[in-house]
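# Observations on the three-dimensional arrangement
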Amino acid sequence: MADVINPENVADLQSQMEEVEALSSIYGEEWCVIDEASRIFCIKISNNLEEPKLTACLQIILPPDYPSTAPPIYQINAAWLRGLERVQLANSLEDLYVEHAGESILYLWVEKVREFLAHKAESTETVEQPEKVKMTTEEEEDDDEDVPDFQTLKLNTDTVHLFMDHADDEEVPPIEHGGTITDRRSTFQPHLAPVVTPRQVKMVLDKLYENKKIASATHNIYAYRIYCEDKQSFLQDCDDDGETAAGGRLLHLLQILDVRNVMVVVSRWYGGILLGPDRFKHINNCARNILVQEGYTSSVDESGRSGTKSKKPKNKKTK
């Protein structure tokens, strides 16, 4: 992405350099350059610099045609941020971009996130360790929860164009819902959608959160794998949504089954009784079941032993 600079993007690159220099001056050590050549940056944001109660890490990739015609590509990492709150914050950032289309937007984004954190902190003043707000009591807090995986971000740089190459009228991929598993009042349900771009991943998540029941889940853990034919490599990622280590385990399952161009979300409604390691078993069983149901692997038993599994056509009843 950073190898060739289109002459039409020279002005954008100059604007980016000036913006990055200003942000570095304003935020000091909070501002981090991950890969300058690929224009990947990160800033740690807190609600209050002197007495931080809530923090979030905003990861940013600046496409070649930002700010003239394209928005920054971003990801917000915060253990406590989930569900509707995550969607609301994302929407507020996107609204800011639309309002200031063609202008440098990062400073406004950072301060919008800080404003969001300050409001959230005021409403949760009684919580001494806010990182646990979205965790069940059976989970141990990880002090590095908000630290982004810089290596993964770098590895995905070559496929960043997938975030931008899409039609404005792109439709939400069809979403299938699997059967539930209930154990000691905790309920798990899987959801699956075919995806070929990271933007479709976001579209699927947004669509799922329109469902009040899914939005009210204690955790919505997800993982996806997209095969890039031109690079002959996978673009893949996951999110715990507060169920520590669950996203990584779910992604590992997709890797073992060698499925591609698919996203799996597992919703968990916590019932108040600790499940311990059994919760991971239920999450992965849900994911396996819906992958079998939708034809991405032939069977639960065979999938663990076989090699490449692509989606197989099958006759399904109309839902």
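This text follows the structure it describes.
Notes on the structure in this doc start here. Note that the structure is a prediction, hence the values are computed from the model and not measured. Here the residue numbering is sequential within each chain, running from 1 through the sequence in written order. In keeping with the predicted nature of the model, local features appear solely for residues at pLDDT of at least 70, side-chain atom pairs appear and are counted solely at 80 or more, and the whole-chain, interface and lining totals rest on all residues. Excluded from the side-chain calculations are hydrogens and water; all other atoms, namely the structure's heavy atoms, are used.

Per the convention used, a helix needs a DSSP run of H or I reaching at least four residues, while a strand needs a run of E reaching at least two, with both numbered from the N terminus. Across its full length, the protein chain holds nine helices and ten strands. Think of it in three bands: with a 1.4 Å probe and only protein chains considered, a residue is buried below 20% of the maximum accessible area for its type, exposed above 50%, and partly exposed in between. A total of 319 residues make up the protein chain; the buried ones form 47% of that total. Nonlocal contacts in the protein chain, meaning residues at least 24 apart in sequence, comprise 65% of its contacts between residues at least 6 apart. Any pair of residues with heavy atoms lying within 4.5 Å of one another is described as a contacting pair.

Below, the discussion takes up the state of the cysteines. Throughout, disulfides are identified as pairs of cysteine sulfur atoms within 2.5 Å of each other. Summed over the entire model, instances satisfying the criterion amount to zero disulfides. Cys-32 forms no disulfide, and the closest cysteine sulfur to it belongs to Cys-42, at a distance of 5.9 Å.

This next bit is on the side chain of Asp-241. Its location among the elements puts Asp-241 in the loop between strand E9 (233-239) and helix H7 (246-257). A relative accessible area of 4% means that Asp-241 is categorised as buried.

With that settled, the discussion passes to the packing of helix H1 (residues 10-27) against helix H3 (residues 106-123). Under this scheme, a helix contributes an axis fitted over its contacting stretch, all axes are lines through C-alpha atoms, and angles between N-to-C directions fall in the 0 to 180 degree range. Where H1 meets H3, the axes come as close as 10 Å, and the angle between the chain directions of the two elements is 35°. Only Leu-106, Tyr-107, Val-110, Glu-111 and Arg-114 of H3 make contact with H1, whose side of the interface consists of Glu-19, Leu-23, Ile-26 and Tyr-27. Gly falls in the polar group here, along with every residue not listed as nonpolar (Ala, Val, Leu, Ile, Met, Phe, Trp, Tyr, Cys, Pro) or charged (Asp, Glu, Lys, Arg). Grouping the amino acids of the contact of H1 with H3 by side-chain chemistry returns six nonpolar, no polar and three charged.

Before going further, it helps to spend a moment on the environment of Asp-237. Examined against the element boundaries, Asp-237 turns out to sit in strand E9. For the pair Asp-237 and Ala-223, spaced 14 residues apart in sequence, the C-alpha separation works out to 5.8 Å. In contact with Asp-237, not counting residues within four places along its chain, are Gln-75, Ala-223, Tyr-224 and Leu-251.

What follows concerns the sheet that holds strand E3 (residues 55-61). With antiparallel pairing, the four strands of this open sheet are ordered in space as E1-E2-E3-E4. Two strands lie at the open edges of the sheet, namely strand E1 (31-35) and strand E4 (73-77), each paired on one side alone. Pairwise comparison of adjacent strand axes, ignoring direction, gives a mean angle of 20° for this sheet. Strand pairing is assigned whenever DSSP identifies at least 2 bridges connecting the two strands. Across seven bridges, the pairing between strand E2 (residues 40-46) and E3 is antiparallel. Bridge pairing in E3 places Ser-46 opposite Thr-55.

A helix is expected to span 1.5 Å multiplied by its residue count minus one. Here helix H8 (residues 278-293) contains 16 residues, and its C-alpha end-to-end distance of 22 Å stays within 8% of the 22 Å for a straight helix at 1.5 Å per residue. Considered for burial, the residues of H8 that qualify are Arg-279, Phe-280, His-282, Ile-283, Asn-284, Cys-286, Ala-287, Ile-290 and Leu-291. Residues of H8 that are buried in the fold lie against strand E5 (176-177), strand E6 (181-183), strand E7 (186-194), strand E8 (219-228), H7 and strand E10 (262-269). Note on H8: the residue one or two positions beyond its end, Gly-295, has a positive phi of about 85°.

So, about the packing of aromatic side chains. To pair, rings of Phe, Tyr and Trp, with the six-membered ring standing in for Trp, must have centres within 6.5 Å; the planes then decide the type, stacked if under 30 degrees apart, edge-to-face if over 60, and tilted in the middle. All chains considered together, the criterion is met by four aromatic pairs. Looking at Lys-213, its charged tip hangs above the ring of Trp-269, at a distance of 5.3 Å from the centre. The ring of Phe-234 is capped by Arg-225, whose NZ or CZ atom sits 3.8 Å from the centre of that ring. To sit over a ring, a charge needs its Lys NZ or Arg CZ within 6 Å of the ring centre and within 35 degrees of the ring normal.

Attention shifts here to the side chain of His-282. Relative to the elements of secondary structure, His-282 occurs in helix H8. Overall, the relative accessible area of 8% leaves His-282 in the buried class. N or O atoms within 3.5 Å of each other form a polar contact, as long as, within protein, one can give a hydrogen and the other can take it, and as long as residues adjacent in sequence are counted only when both atoms are side-chain atoms. Engagement of the side chain of His-282 in a polar contact is seen with the side chain of Asp-183, the distance being 2.8 Å. The contact partners of His-282, leaving out residues within four places of it in the chain, are Ile-181, Asp-183, Phe-188 and Leu-275.

Here the focus is the nonpolar core. Remark: nonpolar core denotes a set of buried residues (Ala, Val, Leu, Ile, Met, Phe, Trp, Tyr, Cys) joined through side-chain atoms within 4.5 Å. Among the nonpolar cores identified, the biggest contains 29 residues, and Trp-31 and Leu-106 are the most heavily contacted of them. Mapped onto this core, the elements with two or more residues apiece are H1, E2, E3, helix H2 (83-99) and H3. If you look at the next biggest cluster of nonpolar residues, it comprises 22 residues, including Phe-188, Ala-246, Phe-280 and Ala-287.

Turning next to the pairing of E3. With respect to burial, E3 is a largely interior element, seven of its seven residues being buried. The two faces of E3 match: Thr-55, Cys-57, Gln-59 and Ile-61 on one face and Ala-56, Leu-58 and Ile-60 on the other face are all buried. Relative to E4, E3 runs antiparallel, the two being bridged by five bridges. Opposite Leu-58, over in E4, you have Ile-76 as the bridge partner.

Our focus in this paragraph is the pairing of E10. Of all eight residues in E10, eight are buried; the element is thus mostly enclosed. The alternating pattern of E10 places Val-262, Val-264, Val-266 and Arg-268 on one face and Met-263, Val-265, Ser-267 and Trp-269 on the opposite face, and all of these are buried. Bridge count between E7 and E10: eight bridges; the pairing is antiparallel. Its bridge partner lying in E10, Phe-188 is registered against Arg-268. Looking at chain direction, E8 and E10 are connected through seven bridges and run antiparallel. In the strand pairing of E10, Ile-221 is matched with Val-266.

The subject of this paragraph is unusual backbone geometry. Glycine aside, negative phi is the norm for most residues, and most peptide bonds take the trans geometry. Between Tyr-66 and the following residue, Pro-67, the backbone shows a cis peptide bond with an omega angle of 10°. Locating Pro-67 in the fold gives a position in the loop between E3 and E4. One non-glycine residue, Asp-241, lies in the positive phi region at around 50°. One non-glycine residue, Asp-258, lies in positive phi territory at about 55°.

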